[in-house]
Amino acid sequence: MLPKEELLKGIENRETITRIIDLAEQAIRTWEITQSDFLSPPEIFESEAIFQKLTEVELVSWGGYPQAERKRLAIARSDLPIDTSSVELTAINIEGNFLFDTATHRDFLGSMLGTGIVREKTGDIIVLGERGAQAIVVPELVEYLEINFQQVRSVPVKIKPLELSDLRIREPKKKELTTVEASMRLDAVASAGFGMSRSKMVDFIEGGDVRVNWKEISQASYQVKSGDLIAIRGKGRLEIGEVAITKKERYRVQLTRYV
């Protein structure tokens, strides 16, 4: 048995992570690969963090394409080889003419959930404008959605299975930059990375709009480090790369911003 209580110390998403640990114990016991439902970014981060402490099992997270936010986990004993192909996913096309009745991500998601399925069975939704959308789901949902998913807003839709390789993904824009700061405070590094004033960044932080490694941080003085991911609602993400100390004992920080 895995040390569940020890692994759950400091975990925010306790209910979800408890289920993941149960799946890990099942994988150890049965010598089979187990699958989680789709997880949100904070749940994925915490799952990967606790599995780094374990030698008995390994996990792979995959959401259908490299930038996917919602992902499933495949979990197996360390003796068994697993990779992204071990994660069971299916893509669907949601076809309809949305030229005169534009639908948003929320519209597509709401209509899918309106058929009676739960959010945990659906991954990312890629909105294609007037052409409809594409979505990633657990394989067992496809036939159900083909029958029951018939309309988004006022537009009739048809559901067709889709190869993951045919997803129409927009590559995120990436910008590399370097900043030199007196400290590794969150407000200092993030304001440089997102190109805004320090006071504006403090407003975002204190307003609950900033997450570091998917945990909400409300203190501007929070110390960030190499490898951290900073996300601001509606502004994109910032990845902290290599950090070096200058001769004047300041911090030279490599940053990658995704928008």
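A brief structural summary. (Residues numbered from 1 in each chain as written. Predicted model: local features only at pLDDT ≥ 70, side-chain atom pairs only at ≥ 80, totals over all residues. Heavy atoms only, no water.)

Comments concerning the overall build of the chain
- Summing up its helical and strand segments, the chain has seven helices and 15 strands in all.
- The principal-axis extent of the C-alpha atoms belonging to the chain is close to 65 × 55 × 30 Å.
- By residue count, 47% of the 259 residues in the chain fall in the buried class.
- The contacts of the chain with a sequence gap of at least 6 include a subset with a gap of at least 24, amounting to 59%.
- Summed over its atoms, the accessible surface of the chain is roughly 14,000 Å², and 46% of this surface lies on carbon and sulfur atoms.
- The distance from the centre of the 36 positive side-chain charges to the centre of the 40 negative ones in the chain is 7 Å. (Helix = DSSP H or I, 4+ residues; strand = E, 2+ residues; numbered from the N terminus. Buried < 20%, exposed > 50% of the residue type's maximum accessible area, 1.4 Å probe, protein only. Contact = heavy atoms within 4.5 Å. Areas by Shrake-Rupley, 256 points an atom, 1.4 Å probe, with all protein chains shown as cover. Lys, Arg positive; Asp, Glu negative; His and termini not counted. Charge placed at Lys NZ, Arg CZ, Asp CG, Glu CD.)

Examining the sheet that holds strand β11 (residues 210–212)
- Ordered in space as β10-β15-β14-β13-β11-β12, the six strands form an open sheet in which the pairing is antiparallel. Edge positions in the sheet fall to β10 (174–181) and β12 (215–216), since each has one partner strand and no second.
- The sheet contact formed by β11 and β12 spans two bridges and is antiparallel. Within β12, the residue paired with Arg211 across the bridge is Glu216. (Pairing = 2+ DSSP bridges.)

Looking at the side chain of Asp187
- By secondary structure assignment, the location of Asp187 is in helix α6 (residues 186–194).
- Residue class for Asp187 comes out buried when judged on its relative accessible area of 3%.
- Among the polar contacts listed, one links the side chain of Asp187 to the side chain of Arg198, at a separation of 3.1 Å.
- With near-sequence residues (within four places) excluded, Asp187 lies in contact with Arg198, Met201, Val202, Ile205 and Ala220. (Polar contact = N/O pair within 3.5 Å; in protein donor to acceptor, adjacent residues only side chain to side chain.)

Describing the sheet that holds strand β5 (residues 122–127)
- Spatial ordering of the open sheet is given by β5-β6-β4-β9, a layout of four strands whose pairing is antiparallel. In this open sheet, the two strands that pair with only one neighbour each are β5 and β9 (158–162). Strand-to-strand twist across the sheet, computed as the mean angle between neighbouring axes with direction ignored, equals 25 degrees.
- Along the sheet, helix α4 (residues 105–113) makes contact with β4 (90–95), β5 and β6 (132–137), crossing β5 at roughly 140 degrees. (Axes fitted to C-alpha atoms, helices over the stretch in contact; angles between N-to-C directions.)

Observations regarding the environment of Lys235
- For Lys235, the location among the structural elements is in the loop between β13 (229–232) and β14 (236–245).
- Accessibility expressed as a relative area gives 37% for Lys235, which makes it partly exposed.
- Between the alpha carbons of Lys235 and Val210 there is a distance of 9.8 Å; along the sequence they are 25 residues apart.

Quick notes on the packing of aromatic side chains
- Taken as a whole and judged by the stated rule, the model has one aromatic pair.
- Of note, Arg77 hangs over the ring of Trp31, and the distance from its end group to the ring centre comes to 3.7 Å. (Phe/Tyr/Trp six-rings, centres within 6.5 Å; stacked < 30°, edge-to-face > 60°. Lys NZ or Arg CZ within 6 Å of the ring centre and 35° of its normal.)

Looking at the packing of helix α2 (residues 14–30) against helix α3 (residues 41–51)
- Across the interface, α2 lies against α3 with an axial gap of 10 Å and an inter-helix angle of 45 degrees. Here α2 lies oblique to α3, going by the angle between them. Two packed elements cross with a definite hand, and for α2 against α3 that hand is right-handed. Touching Thr16, Ile17, Ile20, Ile21 and Ala24 of α2 are Glu43, Glu46, Ser47, Ile50 and Phe51, all from α3.
- Among the residues making up the contact of α2 with α3, the classes are represented as six nonpolar, two polar and two charged. (Parallel < 35°, antiparallel > 145°, perpendicular 65-115°, else oblique. Left-handed = near helix turned anticlockwise from the far one by under 90°. Nonpolar A, V, L, I, M, F, W, Y, C, P; charged D, E, K, R; others polar.)

Some words on the side chain of Lys71
- Mapped onto the secondary structure, Lys71 falls in the loop between β2 (57–62) and β3 (72–77).
- With residues near it in sequence (within four places) discarded, Lys71 still touches Asp37, Phe38, Leu39, Ile44, Ser61, Trp62 and Gly63.

Here's the deal with the pattern of salt bridges
- Under the defined criterion, the tally for this structure stands at 13 salt bridges.
- Between Asp22 and Lys4 there is a salt bridge, and its shortest N-O distance comes to 2.7 Å. Within this pair, whereas Asp22 is found in helix α2, its partner Lys4 is found in helix α1 (residues 4–7), the two being separated by 18 residues in sequence.
- Assessed through its relative accessible area of 34%, Asp22 is described here as partly exposed. (Salt bridge = Lys/Arg side-chain N within 4 Å of Asp/Glu carboxyl O.)

Notes on the nonpolar core
- In this structure, Ile92, Ile94, Phe108, Met112, Leu145 and Phe149 are the most contacted members of the largest nonpolar core, which totals 36 residues.
- Top contributing element to this core by residue count: β6, with four residues.
- Counting contributing residues, this core receives three or more from each of domain 1 (4–86) and domain 2 (90–166).
- When sequence neighbours within four positions are dropped, the list of residues in contact with Met112 reads Ile94, Ile117, Thr122, Ile125, Ala135, Val137, Leu145 and Phe149.
- By size, the runner-up hydrophobic cluster in this structure holds 22 residues, among which are Phe194, Met196, Ile230 and Ile240. (Core = buried A, V, L, I, M, F, W, Y, C linked by side-chain atoms within 4.5 Å. Domains from an automatic or database assignment.)

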